[in-house]
Structure formats: structure tokens, C-alpha cells
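In case you want the letters, here they are:
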Amino acid sequence: MGQLDGQVVFISGVARGQGRSHALTLAKEGASVIGFDLCDDLTSTAYPGATDADLKETRRLLTEVGARSVLSHGDVRDYAQVEAAFQRGLDEFGRVDIIIPNAGLCAGGKTWELSEEAWRETIDINLTGVWHTVKAAVPTLIEQGEGGSVVFIGSTEALKGAENMSVYAASKHGVTGLMTSLSRELGQYNIRVNSVNPTCVDTNMIQNPYVWGLFQPDNPSPTRESVEPAFTGTHILPVPWMEPIDVSRAILYLVGESGRYITASTLTIDAGFIVKS
């Protein structure tokens, strides 16, 4: 028996990293998974995008833990694709209980040096894509009349600014505003809406030479190992970054019975980052 037996979760950006972790964590508690991912590179990131092989691996891992899933390709920037991905899962499972708009990217640079393309791509994926994900699935949650849960993936930068990360911070601040507004709209239906706001998570988003260079600007060839002390120095706890599972466990807390009275909350999982900063 799992906490989420019989429930269905809709997740964007499911092919790898946090999205895969969230899917597997909820699946191990009995949830079926509707998921989608772009599976392609983006122009404004310093790291490669997810691949078809990544999506297939997520499907394999879900099957391995005994979960049913409907996974497909889809671009969160295109509402028709998001709606189609959701509908494929709805046709299979007949319901949805949890929505996790997870897909996101991180583009960096000085605010005045960002290209228009990088700005638009970040806002389109990190904010408009998040809206597309809830727009596609929330009506079904309401129609079911059984409550439910939406968990947005924020960031510590959804709660404060960051040098060289203005477009990312702006997009995530927008997610916070969307979360608190949606919580007011959906409370009457017993649908809870929250966000998780982690510090750096050990995924491709931070583990790349561009981000390492932000932490070691005087090192022409920074590495994961060389930047660990600098990352650790941003936290109260003696850790450089957290694992995706740490975020997934917080999501499980919010969507399960343990979080039944939590809504409009910006749950920080940051090893003390915000306080120390």
C-alpha cells in the first residue's frame, strides 16, 4: 500500500533530473504518471537538453517499480502539445490528482547583455510553460470534485535575486506569483497549490562549466570538484548542493495526507542558503 495508490500525476520535463526523480518518487507510492519532455537542445543554455534515450530510461524505471505511465514528447511553449500530452494520459487513466509543472531551464549573463532570444526562451519555458501545464490539467481537477494538489518548482531565486541570473530569477518570481494567485482560485475546490524552492540541485542545470565559472571566475578551467568549496560556502549546512530526491521528498510531503492543510506555501529546501545570503 502506498500513500498515492490510485492517484495520477501530470509532470512536465520528466525525462531526467528533477522531473524523473519526482515521477519515480510518487510512482513508488502508487501513483501513475502522465509525463512529457521536449527531448531537444535549447539555444540559451550552457548544457545539453534531455534526449529520447533519457525519456525511454524514465519509462523503463517507472515500469521497473511497477508504475503505469504515459510519456510523450512535448514542448511546454506550445499549449496544443501540452494539452495533447495530458489528454493522452487522461484517455488512459481517466483522472488526474497531482500537477507538477517541472520543466525549466537556466540561462545566465548580465541583464543588459542577455540576448532577446535567451530572455524569451527562459520566460516562455519557465513561466508560460508552467502556466500551460496547469491550464491543461486544472479543469479536470475541478470537474472531478475530489480536491487535488499542484506543486510548482520554484527556486531560492524565486524568493530573491541573483547576479548573472536575472532572467532566471524573474521567471521564478513569476512562478511564485502564479502559485499564490492560483491557490486563491482553487481553494474553494479543496485543491492545494504550493511551491518547492530548492537551493542548487545536482543536475545538468548547475553542473556545467558556465555555472562553475560563476563560482570560480578566476579559474580558466573550473571543475565540479574545484567549485565544491564555493558552493558549500553559500549554505549554513556543510553541503555544496542537494540531490533531486531531496526535492522529490518535499513534494511527496505536500501532495500526501501530511500536506492536506498546506496551501499558498513557498517551501524552501535550501540548506540555509537564503538566511546565510
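The chain goes by Carveol dehydrogenase in an unreviewed UniProt entry, where it is assigned to Gordonia terrae NBRC 100016. UniProt annotates the chain under Sequence similarities (unreviewed entry) with the comment "Belongs to the short-chain dehydrogenases/reductases (SDR) family."

## A short note on the sheet that holds strand 4 (residues 98-100)
Either a parallel or an antiparallel arrangement is found when strands of a sheet pair, and the pairing is made through backbone hydrogen bonds. The sheet built from seven strands is open, its strands ordered 3-2-1-4-5-6-7 with parallel pairing. Of all the strands in the sheet, the pair left with one neighbour each is strand 3 (69-73) and strand 7 (266-269). Between one strand and the next, the sheet's axes are offset by a mean angle of 15°, whatever the strand orientation. By the bridge criterion, three bridges tie strand 1 (residues 8-12) to strand 4 in an arrangement that is parallel. Considered in strand 4, the bridge of phenylalanine 10 is made with isoleucine 99. Lying on the sheet, helix 2 (residues 52-64) is in contact with strand 2 (32-37) and strand 3; it crosses strand 3 at an angle near 175°.

## A few points about the confidence of the model for the chain
On average, residues of the chain score 97 in pLDDT, and 100% of them reach the 70 mark or higher. When mean pLDDT is taken per element in the chain, strand 4 scores highest with 99 and helix 6 (residues 209-215) scores lowest with 92.

## As for the packing of aromatic side chains
Across all of its chains, the model carries four aromatic pairs by this definition. When the ring of phenylalanine 231 is compared with that of tryptophan 241, the centres are 5.0 Å apart and the planes differ by 75°; the resulting orientation is edge-to-face. Note that phenylalanine 231 is positioned in helix 7 (residues 224-232) and tryptophan 241 in the loop between helix 7 and helix 8 (244-255), a separation of 10 residues in sequence. Here phenylalanine 231 matches tryptophan 241 in class, with each residue buried. Taken together, the ring pairs in this structure connect Phe10, Phe36 and Phe86 into an aromatic cluster.

## Describing the pattern of salt bridges
According to the stated counting rule, one finds 13 salt bridges in the structure shown. Here arginine 60 ties to glutamate 57 by a salt bridge, and the two come within 2.8 Å at their closest N and O atoms. One end of the pair, arginine 60, and the other, glutamate 57, are both in helix 2, three residues apart, so they sit about a helical turn from each other. Since its relative accessible area comes to 41%, arginine 60 is described here as partly exposed. Residue glutamate 57 is classed as partly exposed on the basis of its relative accessible area of 27%. Residue glutamate 146 pairs with arginine 95 through a salt bridge whose shortest N-O separation is 2.8 Å. Pair noted here: glutamate 146 is in the loop between helix 4 (116-144) and strand 5 (148-153) and arginine 95 is in the loop between helix 3 (79-93) and strand 4, with a separation of 51 residues, a long-range link. Look at arginine 95 and you get buried, because its relative accessible area is 19%.

## Some words on the pairing of strand 3
As paired strands, strand 2 and strand 3 are joined by five bridges and run parallel to one another. Counterpart to isoleucine 34 in the pairing with strand 3 is valine 70. In this region the chain leaves strand 2, passes through helix 2 and returns to the parallel neighbour strand 3; the handedness of that crossover is right-handed.

## Quick word on the packing of helix 1 (residues 17-27) against helix 8
Helices that pack against each other are described as a pair by the angle of their axes relative to one another and the distance between those axes. Viewed as axis vectors pointing N to C, helix 1 and helix 8 meet at an angle of 45°, and their least axial separation amounts to 9 Å. Viewed along their axes, helix 1 and helix 8 adopt a mutual orientation that is oblique. Crossing geometry of helix 1 relative to helix 8 is assigned as right-handed. Every residue of helix 8 that contacts helix 1 at Gly17, Gln18, Ser21, His22, Thr25 and Leu26 is listed here: Pro244, Ile245, Val247, Ser248, Ile251, Leu252 and Val255. Across the contact of helix 1 with helix 8, the residue classes break down as seven nonpolar, six polar and no charged.

Conventions used here
- Residues numbered from 1 in each chain as written.
- Predicted model: local features only at pLDDT ≥ 70, side-chain atom pairs only at ≥ 80, totals over all residues.
- Heavy atoms only, no water.
- UniProt positions renumbered as here; feature names shortened; annotations may be inferred.
- Pairing = 2+ DSSP bridges.
- Helix = DSSP H or I, 4+ residues; strand = E, 2+ residues; numbered from the N terminus.
- Axes fitted to C-alpha atoms, helices over the stretch in contact; angles between N-to-C directions.
- Contact = heavy atoms within 4.5 Å.
- pLDDT = per-residue confidence, 0-100.
- Phe/Tyr/Trp six-rings, centres within 6.5 Å; stacked < 30°, edge-to-face > 60°.
- Buried < 20%, exposed > 50% of the residue type's maximum accessible area, 1.4 Å probe, protein only.
- Salt bridge = Lys/Arg side-chain N within 4 Å of Asp/Glu carboxyl O.
- Right-handed = clockwise from strand over helix to strand, strands pointing away.
- Parallel < 35°, antiparallel > 145°, perpendicular 65-115°, else oblique.
- Left-handed = near helix turned anticlockwise from the far one by under 90°.
- Nonpolar A, V, L, I, M, F, W, Y, C, P; charged D, E, K, R; others polar.

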